[in-house]
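A look at the structure
Next come the chains, spelled out residue by residue.
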Amino acid sequence: MLSELSEWFWQERLWFPEGLGWADLEDRDGRVYAKGRDLWAALPIALVFLIIRQIFERTVATPLASLLGVKETVRLKAPHNPFLESYYCKVTKNPTQHSVAGLCKQTGYSERQVQRWFRRRRNQDRPSLLKKFREASWRFTFYLLAFIAGLASLIDKPWLYDTKEMWQGFPVLTLLPSQYWYYMIELGFYGSLLLSVASDVKRKDFKEHIIHHVATILLISFSWCVNYIRAGTLIMLVHDSSDYFLESAKMFNYAGWRNACNYIFIVFAAVFIVTRLIIFPFWIIYWTWVYPVTVYPPFFGYYFFNGLLMILQCLHIFWAVLIIRIALRFLTNNEKVDDDRSDKDETDESEEDEEEADDKKHAKKNGPVQNGFTVHNNNHRKTE
């Protein structure tokens, strides 16, 4: 059954225009072509990236964070309470007012004590600024180096300047060493992001990022198998051209460098709009959607490849709306830039300030507090 499924999956009419097939991509006369089995190399590369990331975050990102003033915040812990812990893990992290009243009866806590417990418990699960900084610095480093490497590998290629050259001689296009490593490293990196998504900071657009990573991996893999490599390298270059600006803006945001963060974000917004909303649809997609049908009849692979590009373009539009809204808010009101895509959470400082202010307020009203809860003296006199 597996043999029949494999035979159906790799049938030439799904992957190639009529009259072309796998035989056209057999190595001959010293010319090397991309093979589907080459993609297995991306798996160990992804694992290597995970190891390098751990080393980088400890030896580079953490000292850099300290240099920029980003420190690990010590948060107040919620007192141990098995019943509330079970409710927090199994039912909800944000109980309603009615639920709080029920929890008060079952624990003997006051309403304020229950609310305080859940607030502190949620705060324990929130990633620290240092963790966010480490992740942003890792992605910044990769995206910057990937963009430089991609540009260096394409700077002398004719299809960078004349996109019609992407299809010159297709599908019999010789594989260059620079293209091989560009593909494997990009595929390995996105594979590592997918493997680490469970432990990374969970963002508001978590689902969109998963869709983006999966679509990107499918796009890179498919374009490799059918020798759409020239188009693939251009797509990867366009995507790498703006992401390192966003990650650097986040790094300065976590460090509290407001002006640097704001102005870098504006540069990122401009580059993102130009590359993702202008160059990508009107330059890349045009030459993968409109022009190829003048060279060969459409086939399944043609529709599948361009379908993945359209998924990416929809995500670009979704993110562009958020980015433009942030940029306009800054330009018109001079507000602090906050990335609505991922970093709209309360900061550590605001949470601790709120705790302290709340403690002082209730200390005046109810007497001293201990570990966040009021200490009752049972009407004993001070001298007792």
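Heads up: the structure comes first, above all this text.
Residues numbered from 1 in each chain as written. Predicted model: local features only at pLDDT ≥ 70, side-chain atom pairs only at ≥ 80, totals over all residues. Heavy atoms only, no water.

**Thoughts on the overall build of the chain**
Looking only at helices and strands, the chain features 13 helices and two strands. Counting over 384 residues, the chain shows a buried share of 47%. In the chain, once contacts between residues fewer than 6 apart in sequence are set aside, the share between residues at least 24 apart is 79%. Of the roughly 20500 Å² of accessible surface on the chain, 62% is carried by carbon and sulfur atoms. (Helix = DSSP H or I, 4+ residues; strand = E, 2+ residues; numbered from the N terminus. Buried < 20%, exposed > 50% of the residue type's maximum accessible area, 1.4 Å probe, protein only. Contact = heavy atoms within 4.5 Å. Areas by Shrake-Rupley, 256 points an atom, 1.4 Å probe, with all protein chains shown as cover.)

**Looking at the packing of aromatic side chains**
The tally for this structure, following the rule as stated, stands at 32 aromatic pairs. Three or more aromatic residues link up through ring pairs in this structure, and these residues are Trp15, Trp167, Phe222, Tyr228, Tyr296, Phe299, Phe300, Phe304 and Phe305. (Phe/Tyr/Trp six-rings, centres within 6.5 Å; stacked < 30°, edge-to-face > 60°.)

**Observations concerning the pattern of salt bridges**
Inspection of every chain in the model, using the stated rule, returns seven salt bridges. The shortest N-O distance in the salt bridge between Glu135 and Arg139 comes to 3.6 Å. Remark: Arg139 and Glu135 occur in helix α7 (residues 129-154); sequence separation between them is four residues, near one turn of the helix. Across the pair Lys157 and Asp156 runs a salt bridge whose closest N-O atoms are separated by 2.8 Å. Overall, the relative accessible area of 56% leaves Asp156 in the exposed class. Put simply, Arg53, Glu57, Lys131, Glu135, Arg139 and Glu247 are held in one network by salt bridges that share partners. (Salt bridge = Lys/Arg side-chain N within 4 Å of Asp/Glu carboxyl O.)

**With respect to helix α10 (residues 229-255)**
For α10, spanning 27 residues, the distance from its first C-alpha to its last is 40 Å, which sits close to the expected 39 Å at 1.5 Å a residue. In terms of burial, α10 is a largely internal element, 25 of the 27 residues being buried. Of the residues one or two after α10, Gly256 is the one with positive phi, at around 85 degrees. (Expected span 1.5 Å × (residues − 1).)

**A few points about empty space enclosed by the protein**
Applying the stated criterion to the full structure yields four cavities of 30 Å³ or more. A volume near 110 Å³ is recorded for the largest cavity. Surrounding the largest cavity, 13 residues form its lining, Thr216, Ile220, Ile235, Met236 and His239 being those nearest its centre. When residues of the lining of the largest cavity are assigned to their parent elements, the largest contribution, five residues, is made by α10. Among the residues making up the lining of the largest cavity, the classes are represented as seven nonpolar, four polar and two charged. (1 Å grid on protein atoms, 1.4 Å probe; cavity = no way out; pocket = protein on both sides within 12 Å on 5 of 7 lines; lining within 4 Å. Points joined across faces, edges and corners; volume = space filled by probe spheres on them. Nonpolar A, V, L, I, M, F, W, Y, C, P; charged D, E, K, R; others polar.)

Read these as layout, nothing more, since geometry by itself doesn't imply function.
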